[in-house]
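Below, each chain spelled out in residue letters.
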Amino acid sequence: MSPVEIVLVYQSLLGIYGDRGNAMVLRQRLAWRGIDATLTVVEPGDPVPSTGSVYLLGGGEDAAQISAVKGLKADGHLFDALDRGAVLFAVCAGFQIAGNTFTVGEQDDVIEGLGLLDVDTRRGPVRAVGEILTRWKRPDGSEYLITGFENHGGFTTLGAKAKPLASVEIGVGNANDGIEGAVQGTVVGTYPHGPVLARNPALADHLLERALGRDLEPLPLPELDELRRQRIAAVRKTGTRR
Ligand code: GLN
């Protein structure tokens, strides 16, 4: 079997919050299960492979978002890969550019995104900064808490084709509307950094299962469960519930 290819896209443009860690988490969780995986790091100007199983976009500044959209549209291979059924996991600026439109700069210029998620982002009334805790409904119906931190000025609203990823317990989320993230087919967008897949391994496994088209055996890591328990308790103590 050929190795599972994880593609970290433009991390020098969209990597200011350490979201590259998401790629390492995915590779490591496959390695712990004895599944061969490769990590391809694509820098701006490099061709994006169309052979990947999971593509990752991270957070970044406004100007970087414009360059990333231009590069990805000109290259085109990300679109081919998604047509084949690959998964895209996009965080913060990555989430915004995956949408239909977003705004940048003092003049709030409207920029066309990649059109992979039916969402639109506009400057919000406040900047969302701080810990965030959300409730994600897993495919089996069970609830899993997602912890991370958010830092974004853009507020994102969902169109009819995109579904919320999670509901917000603490923090701002998409637009202070109780919704966090968006899902459309195999494209998942979300605001939390952390890296979010390190803090929330069940979400990492969900993305891998979507990409591989099969269930993965659980990986018991009690120290990680304990870390999650402590983080969730801390954010519940200090944060204001919606
Ligand atoms: N520039 C975007 C915003 O502020 C994205 C920021 C980020 O990726 N943290 O909304």
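Before reading further, recall that the structure is shown in the block above.
Residues numbered from 1 in each chain as written. Predicted model: local features only at pLDDT ≥ 70, side-chain atom pairs only at ≥ 80, totals over all residues. Heavy atoms only, no water.

*Asks:* Mind laying out the nonpolar core, listing which residues take part and the relevant values?
*Replies:* Grouped together as the largest cluster of nonpolar side chains are 63 residues, with contacts concentrated most on Tyr55, Leu72, Leu88, Phe89, Ile97 and Leu197. Every residue in contact with Tyr55, bar those within four places of it in the chain, is listed here: Val7, Val9, Val48, Pro49, Ser50, Leu78, Ala81, Arg84, Ala86, Val87, Leu88 and Phe89. Residues Leu145, Ile170, Ile232 and Val235 belong to the second largest nonpolar core, which totals five residues. (Core = buried A, V, L, I, M, F, W, Y, C linked by side-chain atoms within 4.5 Å. Buried < 20%, exposed > 50% of the residue type's maximum accessible area, 1.4 Å probe, protein only. Contact = heavy atoms within 4.5 Å.)

*Asks:* Tell me about the site of the ligand, residues and numbers included.
*Replies:* For the ligand, the set of nearby residues contains 14 residues, the closest of which are Asp62, Gln65, Cys92, Asn151 and Gly154. A distance of 3.3 Å separates an oxygen atom of the ligand from a polar side-chain atom of Arg127. The fraction of the free accessible surface of the ligand (300 Å²) that becomes covered by protein chains is 95%. Elements represented by at least two residues in the shell around the ligand include exactly helix 2 (62-75), helix 4 (93-98) and strand 8 (143-158). When residues of the shell around the ligand are assigned to their parent elements, the largest contribution, four residues, is made by strand 8. Partitioned by chemical class, the residues of the shell around the ligand number three nonpolar, nine polar and two charged. (Near = heavy atom within 4 Å. Polar contact = N/O pair within 3.5 Å; in protein donor to acceptor, adjacent residues only side chain to side chain. Areas by Shrake-Rupley, 256 points an atom, 1.4 Å probe, with all protein chains shown as cover. Helix = DSSP H or I, 4+ residues; strand = E, 2+ residues; numbered from the N terminus. Nonpolar A, V, L, I, M, F, W, Y, C, P; charged D, E, K, R; others polar.)

*Asks:* An account of helix 2 is needed here, citing residue identities and associated values.
*Replies:* For helix 2, spanning 14 residues, the distance from its first C-alpha to its last is 20 Å, which sits close to the expected 20 Å at 1.5 Å a residue. What helix 2 keeps buried is the set Ala64, Gln65, Ala68, Val69 and Leu72. Projected down its long axis, helix 2 carries its buried residues within an arc of 140°, all on one side. Turned more than 90 degrees off the buried face of helix 2, the exposed positions are Ala63, Lys70 and Ala74. (Expected span 1.5 Å × (residues − 1). Arc of directions from axis to C-beta.)

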